[in-house]
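Now for the letters of each chain:
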Amino acid sequence: MKVFFLSVFFLALNCSVLLAQNNKQAFTDKLIFGNTASETAHHFFSANSLVDENNIGDQCRKLMPPDTASWQGNSMSFVLKVDGAKQNYITVKFWGDDVSHNQLLLIIDGKQIGYRHLGDIEVLDVGADFPLYNGRYHYKTSPLPLQLTKGKAEVQLAIRSSGAIWGYGNNFAQYQKNMTDATRGIYALYTHTHNSFSAPADEKQGNVPKVIDRKTPGKDVLGLLKERVNKELDGLIKGNKNLSQVQMQFLAKAYSVKWSNAYKSEKTIERITKGLDSIFIAYKKNPKLAEADPATWNADWFGLGIVGEIIYLLNEPLQQKLEEVVNYPNIGTLKRKAALASFLVYCRDWHTRHRRMYTNQSMINDLYGIYYANKGLYYTAPDKYRTEKDIRRYLYESIGLEKWRGHDSDTGSTYHAGNDYWLLTNTGLTKELGYVGNYGEVLDWVAELYLATKPNHNEPGDELIKKQIEKIALARMPFRYAGTDADGFTAMRMETQVGWRDTHYPGDVTYVQRSSWDGSPLQIVAATMHPQLIGYAQQMFADNQFFASVEERMKDKGFRVTAGLLIIPDQYELIKDQPNQNIKMPMSKSSPNFVFADEEDGVVAIKNGDDYLYASSYWRARNAVNNLAKLHFVTPKVDYVATVFAEQQFDSSGMWFTRPDYTNFGFAKGGPKYPDTTHSAHAGEKLPIAKIPAGIVFKSGDESPYAGKADYYKIQYGNYIIAMNASKDKTFELVVPDEFKNAINLVSKQNINISSIKLVPQSTVVLYKK
């Protein structure tokens, strides 16, 4: 059954959105915080909030922390007008310089709007790591639940505050932190019925920051880096404790780094040999270590496969050690290589049967749990080694060169995600399930994956993999936009506002590759030496953001970061001496207008003059079609983020999903449960489930890459229309509204003067009306 999901609120949008742009009062109601007259008119009340002022003289309110230790802060309540016959939106106004990790929750009639963590509708404010928009305002728009505004002229609202959350907490105390300081300033709230809020012309705005390049830090950062790395190496080499496999991995990599204290060190080999023996002894006591070694982060992704990488990296200096016969306590005597092979076989075979569908997890599982475990067998048990051609297909699947087959089983591959499921899109973006920013930055892992296929350190790796990781890297480049760093200096930032699994706003300062625990900003550049990527790295050098990123990463004193720093100095020396490529990143201010679209992830990146527009038309629809899109619109003076309703067409399964009463996670059974009794304003909403391919086991409530995916998306936002045909075999028609008849198609860069546009499969149209 074909479903054309055009809701009543979208009908309201279509006729009003453009008119609102020129309307002096393009909102239903407005509450100015800190303004006595406005607060009085809206029946404002707060027991403990502070009136503050920003540097352009505008007032705001900040909710204060509790008097005694608690995760709950103070609150404020008020009344706002709404249109009882239309879909309503609410927009909050924040000052872009403010930084707070506290959360703000919007309450309507006692019920919470949005979810605290990774919901398709977010709470009012999830916090920020750095200034969202230096010296300017940031506006965030969210839909109000239609069932709670229908037939009403006004609604009772409240804003509650709470401390920061840590999404990986194993219990409530780890997950929810106490609120110890004030929230960010809340400047105004607006209700409106159009989805594209535009800052009123009569309100003051901030000023565009002057273009200032960083002068510091400099190359001395690399000296401090080397001191830190060598101090850690010395501690491991001179120590007596048994080493974990990640500590041995660090030593094994440092063995070939000339400036390191582990370089060609016999003591390094002795320590690693002792560590390998200790892992075998531990494995004999607990064979499940081959499935998941608790000394390794995300243990079941790796198993004991890192040992295979260590053997590969040090196969020459370890060759004699592997042949030695060892008397293992309470085990007996056997050759060291036979001991190591016993758990490498277990590790490899278990991980082929327990593969992971999310892209970065799949890459790590397949690289370490399978590929490196097998590579170690080449040196320890050739008779149990699976050929390179046979084993490399797991790597091909994990980076999108081949369709993903799922787990191995006694009867063959399970294909439990479908017979034609790929972990990456045709353009090279990861699927988790849609576009992901920070969490989807797999460039460190794809670089490692390519390096693993090198026969030795001086020969090239798999050429197909190299071309694919170049494609993956280049596909990420439109998702870095020109802005400033936390200190106001020129920088490119990663787009995270429209990312499915992103919780950190704004995105990190990123050029080619973000600086991560395990990776460097130059890792993918050094691995591929692709001219475009070299040019983008040179732009980072010119903006002096390379040393700044290294300095920022070094603030984390953990071992994992220290180990990741090892590769940076040599990569810098390699890249800095390359010829000047004379190119800029696609979203640089001086670059030409540009549209990037990925129909499989349902995401668009647009550069139009000085404006940037990012849109996820397929937005956190894990369980069903939610008719929502997320947009991030960056103009020189204002930053807008909006979750809005959009038109979607899809084939229906006939099944429905009912939103549960979750207020925390928007998935995973709601996440850690809160001790308060607040209910969700979205509970009970019924959403249609798209058609699930034949052969896939599915029931309502399951997370699925198919359940929330539409074939066609249309978003009308301000002066833009984005129409996307995400299907593989259908054609759709975009009916062009009268006001867009002379618009520019930013994809073809041509003016249009037609009433409709046909969209063939896997195509996108972006119309812009001046």
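The structure we're discussing is the one just above.
Being a predicted model, the structure only gives us computed values, none of them experimental.

Please clarify how the environment of glycine 440 should be interpreted in this entry.
Take glycine 440: it is sitting in the loop between strand 15 (412-413) and helix 13 (443-452). According to the relative accessible area criterion, glycine 440 is buried, its value standing at 0%. As for glycine 440 and glutamate 463, which are separated by 23 residues in sequence, their C-alpha atoms are 23 Å apart. Discounting chain neighbours no more than four positions away, the residues touching glycine 440 are Thr430 and Arg476.

Whenever I open this one, the environment of leucine 276 confuses me. Can you help?
Looking at the element boundaries, leucine 276 is found in helix 6 (residues 266-285). For the pair formed by leucine 276 and isoleucine 32, sequence separation is 244 residues and the distance between their alpha carbons is 65 Å. Leucine 276 has contacts with Met248, Val307, Leu318 and Leu340, leaving out every residue within four places of it along the chain.

Explain the sheet that holds strand 18 (residues 594-598) to me, please; I cannot follow it from the model alone.
What links the strands of a sheet is backbone hydrogen bonding, and the strands pair in either a parallel or an antiparallel sense. With respect to topology, 9 strands assemble into an open sheet ordered 2-11-6-9-22-21-20-19-18, the strand pairing being mixed. Two strands close off the open sheet at either side, each with one partner strand: strand 2 (29-32) and strand 18. In this sheet, adjacent strand axes meet at a mean angle of 10° when their direction is disregarded. Strand direction decides the pairing type here: strand 9 (residues 137-143) and strand 22 (residues 638-645), joined by 5 bridges, are parallel.

Please clarify how the packing of helix 8 (residues 305-313) against helix 10 (residues 336-352) should be interpreted in this entry.
Helices that pack against each other are described as a pair by the angle of their axes relative to one another and the distance between those axes. It is the contact of helix 8 with helix 10, at a shortest axis distance of 9 Å, that shows an interaxial angle of 125°. By the criterion of interaxial angle, the relationship of helix 8 to helix 10 is oblique. Where helix 8 crosses over helix 10, the two elements pack in a sense that is left-handed. Counting all contacts with helix 8, which are made through Gly305, Val307, Gly308 and Ile311, the residues of helix 10 involved are Leu340, Phe343, Leu344 and Cys347.

Any chance you could explain the pattern of salt bridges here in plain terms?
Side chains that differ in charge, positive against negative, can pair when their charged atoms come close. Using the criterion set out here, one finds 50 salt bridges in the structure. The residue glutamate 397 makes a salt bridge to arginine 405 at a minimum N-O spacing of 3.1 Å. Accessibility expressed as a relative area gives 0% for glutamate 397, which makes it buried. Its salt-bridge partner being glutamate 441, residue arginine 476 comes within 2.8 Å of it at the nearest N-O pair. A residue pair is termed long-range when its members are at least 10 positions apart, and arginine 476 in helix 14 (residues 463-476) and glutamate 441 in the loop between strand 15 and helix 13 qualify at 35 residues. Neither arginine 476 nor glutamate 441 differs from the other in exposure class; each is buried. In the salt-bridge network here, residues are joined through shared partners; they are Arg355, Asp366, Arg393, Glu397, Glu402, Arg405 and Asp408.

Reading the values: the criteria
Residues numbered from 1 in each chain as written. Predicted model: local features only at pLDDT ≥ 70, side-chain atom pairs only at ≥ 80, totals over all residues. Heavy atoms only, no water. Helix = DSSP H or I, 4+ residues; strand = E, 2+ residues; numbered from the N terminus. Buried < 20%, exposed > 50% of the residue type's maximum accessible area, 1.4 Å probe, protein only. Contact = heavy atoms within 4.5 Å. Pairing = 2+ DSSP bridges. Axes fitted to C-alpha atoms, helices over the stretch in contact; angles between N-to-C directions. Parallel < 35°, antiparallel > 145°, perpendicular 65-115°, else oblique. Left-handed = near helix turned anticlockwise from the far one by under 90°. Salt bridge = Lys/Arg side-chain N within 4 Å of Asp/Glu carboxyl O.

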